[in-house]
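# Summary of structural features
Chain by chain, the residues run as shown.
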Amino acid sequence: MERKTRHVVLLDGHPGDADERYIRYLETLEISLGERGITVNRFQLKDLNLQYCTGCWMCWWGTPGRCILKDDMEILYPEILRCDQLLYVSPMIAGYVSALTKKVMDRLIPLIHPYIEVVEGECHHRKRYDAYPNLALLVQPEAGSDKEDMAILQEWMPRLALNFRSACDFVRSMDEPVEEVLREIAYA
Amino acid sequence: MKLLMLNGSPRGTGSNTRILFEQLLAGMRSVDADLEAEVMYLRNIRDTGNHVQSVVDADMVLLGFPLYTDGMPGIVKYFIDALHPNDLGGKPLGFLVQSGFPEARHSRPVARYLARLSMRLNARHVGTLIRGGVEGIQLQPAGMTKRLFQRFFALGASLARDGQFDEKLVRKLAKPETLNPAARLFLQTDASHFYWDMKLKENNAFDQRFDQPYAPGTGERKEET
């Protein structure tokens, strides 16, 4: 089935003060997407009240589909389920996404089901909902970032997407022209 | 020697990581009776300053955690972000990644990251233990976990003896890399839901197990134009 990205949820996982380049990059991206009729709902994760997953699994076996931590994830869950693409944006920190970004990724497990089934010959969780957005990752490289750091993220994100019963549209760096990322989103 | 074991499970002392760490430590002690070991729980993120200081003071560091969404739990990343490249300068650093899924395949991307992280931290990487199918071990009778625990014991002994995990044992521990045909067949049956159904029933939540509380079209959904 052909899928066209019309609505993006952008989760900005920068934990501190972003530099000028980071801010400009996202501004340009957002404006350009708007010009193409793609709506963007952007969340600054650092401004939200978000707790770390405690691994209690109540969302799987106590209150199915609902996390017992009551915080701003309750705003994000319905937003995430109604977008076409969930775009994580993060500075690279120690060669990975920020802890803040990973925190939100961990908190998405209420959206899938505990039952395990075989997908592509591997164990994966069953879907809880009929459809999920595709995932994408845009990172700002840090001092010392190299090809291996990007390759690690590029190997990881499609795995994460598979476990989210979805697909990864792209993993890109802010060192690449914003037009490239724009094209990736528009034609995903 | 001062060994620091960092338990990165959000479940803390109730974690499977703790159980596996204990076996590993017993193996290390069987070789090095004078081993001084400290265990810290990263779930207390307010203590991150202490965790980092303990890394600076240790002679060897082991970091263990459960696989969360194909990577380290958020609290573990929080700790990693607090480290400075020289906190581990030249020290041995090893990892344990354990998962609920039985196959090692799921843990490979994070293992690749951990090898790279060791370089970034100027540490001496002593190996990354990968073990799947761990979720059930607290329910299993001793007979079922005996071999697994023996393997961890042997791995601990190899680390204390040789300064790194025995590679052959590391490979054995990680098996299966992918699902075998019998496991695939089993997973296609309702019997594979047994553990979840038992827990759902304990919580009187069995009938709600397919709930979709955030489904689009329910609640306050904004209409698209």
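This structure is a prediction, so every number in the text was calculated from the model and none was measured.

## A few points about the overall build of chain A
The helix and strand inventory of chain A stands at six helices and seven strands. A compact globule built from 188 residues should have a C-alpha radius of gyration of about 16 Å, and chain A, at 16 Å, falls within 12% of that. For chain A, the spread of C-alpha atoms along the three principal axes comes to 45 × 40 × 30 Å. Looking at chain A residue by residue over its 188 residues, the buried ones come to 45%. Within chain A, residue pairs in contact and separated by at least 24 positions form 73% of the contacts whose partners lie at least 6 positions apart.

## Brief notes about the environment of Ala188 of chain A
All names here are of chain A. Looking at the secondary structure, you find Ala188 in the segment after α6 (178–186). Residue class for Ala188 comes out partly exposed when judged on the 18 C-beta atoms lying within 10 Å of it. For the pair formed by Ala188 and Thr5, sequence separation is 183 residues and the distance between their alpha carbons is 6.2 Å. Beyond its immediate chain neighbours, meaning those up to four positions away, Ala188 contacts Thr5, Gln85, Asn134 and Asp169.

## A short note on the sheet that holds strand β7 (residues 168–173) of chain A
Residue and element names in this part refer to chain A. Overall, parallel pairing links the five strands, which are arranged β2-β1-β3-β6-β7 in an open sheet. Single-partner strands in this sheet number two, and they are β2 (39–44) and β7. Along the sheet, successive strands turn relative to each other by an average axial angle of 15°, direction set aside. The sheet contacts of helix α1 (residues 20–35) involve β1 (7–12), β2, β3 (85–91) and β6 (134–140), and relative to β2 the element is tilted by about 155°.

## Considering the sheet that holds strand β2 (residues 36–41) of chain B
Residues and elements named next belong to chain B. Judged by pairing direction, the sheet is parallel, and its five strands sit side by side in the order β2-β1-β3-β4-β5 without closing on themselves. One side of each edge strand has no neighbouring strand; the edge strands of this open sheet are β2 and β5 (124–131). With strand direction ignored, the average angle separating the axes of adjacent strands in the sheet is 15°. Looking at chain direction, strand β4 (residues 92–98) and β5 are connected through seven bridges and run parallel. Within the sheet, the bridge partner assigned to Val97 lies in β5 and is Ile130. Along the sheet, helix α4 (residues 108–120) contacts β4 and β5; its crossing angle with β5, the most-contacted strand, is approximately 165°.

## Examining the domain arrangement of chain B
By the assigned domains, chain B splits into domain 1 (2–174) and domain 2 (180–209). Its C-alpha centre places domain 1 of chain B at a distance of 29 Å from the equivalent point of domain 2 of chain B.

## Looking at unusual backbone geometry
In most cases, non-glycine residues show a negative phi, while peptide bonds are predominantly trans. Going from Lys175 of chain B to Pro176 of chain B, the amide bond is cis rather than trans, its omega being 5°. Here Pro176 of chain B is to be found in the loop between α6 (167–174) and α7 (181–187). The backbone of Trp57 of chain A sits at a positive phi, close to 60°, despite the residue not being glycine. Turning to its location among the elements, Trp57 of chain A is positioned in the loop between β2 and α2 (58–61). Even without a glycine there, the phi angle at Thr69 of chain B is positive, about 40°. Along the polypeptide, Thr69 of chain B turns up in the loop between β3 (60–66) and α3 (74–82).

## A short note on the nonpolar core
Core analysis: the biggest nonpolar cluster contains 106 residues, and Val9, Leu87, Leu137, Leu138 and Met157 of chain A together with Val61 of chain B have the highest contact counts within it. No other element matches the six residues that helix α5 (residues 147–163) of chain A contributes to this core. Discounting residues that sit within four places of it in the chain, Leu138 of chain A has contacts with Leu87, Val89, Arg172, Met174 and Val181 of chain A.

## Considering the interface of chain A and chain B
With 42 residues of chain A at the contact, the number on the chain B side is 47 residues. For the side of chain A that touches chain B, the elements supplying multiple residues, two or more each, are α2, α3 (73–81), α4 (99–106), β4 (112–119), β5 (122–127) and α5 of chain A. At eight residues, the largest contribution of residues to the side of chain A that touches chain B is made by α5 of chain A. Along the lines of polarity and charge, the residues of the side of chain A that touches chain B split into 22 nonpolar, eight polar and 12 charged.

## Details of the pairing of β3 of chain B
It is a general feature of regular strands that their side chains alternate between the two faces of the sheet. Residue and element names in this part refer to chain B. Counting buried positions along β3 yields seven of seven residues, so the element is predominantly enclosed. Residues Met60, Leu62, Gly64 and Pro66 of β3 are buried on one face, and the alternating residues Val61, Leu63 and Phe65, pointing to the opposite face, are buried as well. Note: strand β1 (residues 2–7) against β3, five bridges, orientation parallel. Each residue of the ladder has a partner; that of Leu4, found in β3, is Val61.

Criteria and thresholds
Residues numbered from 1 in each chain as written. Chains lettered and ligands numbered in written order. Predicted model: local features only at pLDDT ≥ 70, side-chain atom pairs only at ≥ 80, totals over all residues. Helix = DSSP H or I, 4+ residues; strand = E, 2+ residues; numbered from the N terminus. Rg over C-alpha atoms; globule rule 2.2 N^0.38 Å. Buried ≥ 20, exposed ≤ 12 C-beta atoms within 10 Å, placed from the backbone. Contact = placed C-beta atoms within 7 Å. Pairing = 2+ DSSP bridges. Axes fitted to C-alpha atoms, helices over the stretch in contact; angles between N-to-C directions. Domains from an automatic or database assignment. Core = buried A, V, L, I, M, F, W, Y, C linked by C-beta atoms within 7 Å. Nonpolar A, V, L, I, M, F, W, Y, C, P; charged D, E, K, R; others polar.

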